[in-house]
Amino acid sequence: MIEKASREQVRRQNRFVVLSTLRRHTTLARVDLGRLTGLSLAAVTSITADLKDRGLITEVEEQPNPDANTRGRPRTYLRLRDDVAHVVTVKLSVDRVSLALVDYTGHQHAEAKFMVESSDMGGEAFITLLAREIKALMKTEPLLARTVMEITVATQGIVGKRNGSIIWSPTIAERQVELTAKLSKTLGITCTLYNDTNMIAEALHRQDTEKYSGNFVVVYIDRGVGMGIFIKNALYRGETGAAAEYGHSPFTPDGAACRCGKKGCLEAYIADYALYREAQKLPKETSPSAMFYGPEYIQNLRARARIGDAQAQKVFTDAGFALGVSLARTISLLDPSRIVLTGKAMQAYDLFKHGMNKGLESGLLAPLLDSVNLEVLPWDEDFILQGLLIKALKHLDEALVH
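Residues numbered from 1 in each chain as written. Predicted model: local features only at pLDDT ≥ 70, side-chain atom pairs only at ≥ 80, totals over all residues. Heavy atoms only, no water.

### Focus on the overall build of the protein
Phase 1: Each helix and strand counted, the protein has 14 helices and 15 strands in total.
Phase 2: In terms of overall size, the protein behaves like a compact globule, its C-alpha atoms giving a radius of gyration of 24 Å where 402 residues would be expected to give roughly 21 Å.
Phase 3: In the protein, which comprises 402 residues, the proportion classed as buried is 51%.
Phase 4: For the protein, the computed accessible surface area is about 19,700 Å², with 51% contributed by carbon and sulfur atoms.
Phase 5: Averaged over its 50 positive side-chain charges, the protein has a centre that lies 3 Å from the centre of its 47 negative ones. (Helix = DSSP H or I, 4+ residues; strand = E, 2+ residues; numbered from the N terminus. Rg over C-alpha atoms; globule rule 2.2 N^0.38 Å. Buried < 20%, exposed > 50% of the residue type's maximum accessible area, 1.4 Å probe, protein only. Areas by Shrake-Rupley, 256 points an atom, 1.4 Å probe, with all protein chains shown as cover. Lys, Arg positive; Asp, Glu negative; His and termini not counted. Charge placed at Lys NZ, Arg CZ, Asp CG, Glu CD.)

### Considering the sheet that holds strand S10 (residues 190–195)
Strand pairing within a sheet occurs via backbone hydrogen bonds; the two strands may be parallel or antiparallel.
Phase 1: Read across the sheet, five strands follow the order S6-S5-S4-S7-S10 without closing on themselves; strand pairing throughout is mixed. Whereas interior strands pair on both sides, the edge strands pair on one side only; in this sheet they are strand S6 (108–115) and S10. Ignoring which end each strand starts from, the neighbouring axes of this sheet average 15 degrees apart.
Phase 2: Pairing of strand S4 (residues 86–93) with strand S7 (residues 148–155), which is carried by seven bridges, proceeds in the parallel orientation. Counterpart to Leu92 in the pairing with S7 is Thr155.
Phase 3: Contacts from helix H6 (residues 179–187) reach S7 and S10, with the element oriented near 150 degrees to S10.
Phase 4: Lying on the sheet, helix H7 (residues 196–207) is in contact with S7 and S10; it crosses S10 at an angle near 90 degrees. (Pairing = 2+ DSSP bridges. Axes fitted to C-alpha atoms, helices over the stretch in contact; angles between N-to-C directions. Contact = heavy atoms within 4.5 Å.)

### Some thoughts on helix H4 (residues 123–139)
Phase 1: Compared with the 24 Å implied by 1.5 Å per residue over 17 residues, the 24 Å span of H4 between its first and last C-alpha is a close match.
Phase 2: Within H4 the residues assigned to the buried category are Gly123, Phe126, Ile127, Leu129, Leu130, Ala131, Ile134, Leu137 and Met138.
Phase 3: Tucked inside the fold, the buried residues of H4 contact S4, strand S5 (96–103), S6, helix H5 (142–145), S7 and H6. (Expected span 1.5 Å × (residues − 1).)

### Considerations on the nonpolar core
Phase 1: Counting 49 residues, the largest nonpolar core has Val219 and Leu327 as its most contacted members.
Phase 2: For this core, the elements supplying multiple residues, two or more each, are strand S11 (216–221), strand S12 (225–231), helix H8 (267–270), helix H9 (272–279), helix H10 (295–306), helix H11 (310–334), strand S14 (338–342) and helix H12 (349–363).
Phase 3: Among the elements that line this core, the one with the most residues is H11, at 10 residues.
Phase 4: Sequence-distant contacts of Val219, defined by excluding residues within four places in its chain, comprise Gly226, Met227, Tyr246, Leu327, Ile339, Val340, Leu341 and Thr342.
Phase 5: Residues Val97, Ile151, Ile189 and Leu193 belong to the second largest nonpolar core, which totals 33 residues. (Core = buried A, V, L, I, M, F, W, Y, C linked by side-chain atoms within 4.5 Å.)

### With respect to the pairing of S7
Phase 1: Among the eight residues in S7, seven count as buried, and that is most of the element.
Phase 2: Pairing geometry for S7 and S10, over six bridges, is parallel. Bridging from a neighbouring strand, Glu150 pairs with Thr190 of S10.

### Looking at the side chain of Arg277
Phase 1: Along the chain, the position of Arg277 falls in helix H9.
Phase 2: Put simply, Arg277 is tucked away with no salt bridge, and the nearest opposite charge, on Glu278, sits 6.7 Å away.
Phase 3: At a separation of 3.0 Å, a polar atom in the side chain of Arg277 contacts the main-chain carbonyl oxygen of Ala268.
Phase 4: In contact with Arg277, other than residues within four places in its own chain, are Ala256, Ala257, Ala268, Leu282, Pro283, Lys284, Thr286, Pro288 and Met291. (Salt bridge = Lys/Arg side-chain N within 4 Å of Asp/Glu carboxyl O. Polar contact = N/O pair within 3.5 Å; in protein donor to acceptor, adjacent residues only side chain to side chain.)

### Observations regarding unusual backbone geometry
Phase 1: With a phi close to 70 degrees, Asp95 is a non-glycine residue in the positive phi region.
Phase 2: Take Asp95: it is sitting in the loop between S4 and S5.

### A closer look at the sheet that holds strand S13 (residues 234–235)
Phase 1: An order of S13-S12-S11-S14-S15 is seen for the five strands of this open sheet, with the pairing classed as mixed. Edge positions in the sheet fall to S13 and strand S15 (373–376), since each of these pairs with one other strand and no more.
Phase 2: Contacts between H11 and the sheet are confined to S11, S12 and S14, with S11 contributing the most and set at about 160 degrees to the helix.

### Things to note about the confidence of the model for the protein
Phase 1: For the protein, per-residue confidence averages 90 on the pLDDT scale, and residues scoring 70 or more make up 96% of the total.
Phase 2: Within the model, the stretch residues 1–5 combines pLDDT values under 50 with zero contacts to residues more than four positions away or in other chains. (pLDDT = per-residue confidence, 0-100.)

### Re the packing of aromatic side chains
Phase 1: Enumeration according to the criterion identifies eight aromatic pairs in this entry.
Phase 2: Here the aromatic rings of Tyr276 and Tyr293 are separated by 4.7 Å at their centres, their planes lie at 15 degrees, and the arrangement is stacked. Residue Tyr276 is located in helix H9, and its partner Tyr293 is located in the loop between H9 and H10; the two are separated by 17 residues in the primary sequence.
Phase 3: With a relative accessible area of 27%, Tyr293 lands in the partly exposed category. (Phe/Tyr/Trp six-rings, centres within 6.5 Å; stacked < 30°, edge-to-face > 60°.)

And the structure:
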């Protein structure tokens, strides 16, 4: 009985591999599908026949070239059917929401973006607003909306893996918001929730499975600080889903005020509001909510540092040192092969770098530091959306391949 269950599990996993490969390469012949997946031609033939019977894939014959002197039957290719099902992805940021309607192949059909003062909203009001905007998006494509099977949401902050709740996030004033349950009930569609930096890690792993494989870490720095961890080629979320809440790990006891209400969090030393507080020489107890500045302030601060302003340079050096010390702790605990730094803050990496290296050297033995590839990746907002889409389509595959 156990052996039979194991065989069926392998067959099911191979179906997922074939679907994922077709989604990545769009159209493939069976022989190419076998080469890319490592499956035998017999296995590919059996699996694709099953997926075709389920209505998930279709065959496309090669169009003959009238100028070519060829013989025999045209080559047959396989591709996913785009009308199988659709998903809605939702990216929540501080005061901004991005929505997209995507088909089973991963092709986007509609999108919507809007600004909202969500950081001052309660949970019920925010969910009502979100449901209304998702409905509005689906109304732009009424035929596709009928087959929406999944809504996948990414947000900053701490999310609950078991109940799909926003435990804490700067995107919304209220804590312990049961987002997925209430959104699902309102819309009648399955809803899942993820941390946004975890989605960056998912996107990188999918983009280059050789480079971003095994054990690696993504650190995202912008208005906040986040981390995504891959262990043994799988996203690690911890028991409750709150693993790698890097920005709110303690950097120093009773330190600077953090946006989460605690003191001494790493975020309170390296996020943009931390740079503002340091540059303005405000007391460490100054709450982030009492600081008023725009992105142009941080841009100006970078410019001042680059032309030799010693005070501005010290702001970035001190922030870099805090980052380096925390990265040293991460390396000591996880021993990753690669650490990826990304986010808008990486526009100032040249200013952070000196302090960061000092922090790394102060907190880590040289052999450990030498074993890690440290990569700086220019920020691309699509990373989060790509990761969300990967998760959403994976959920569809699991629902459709029993």
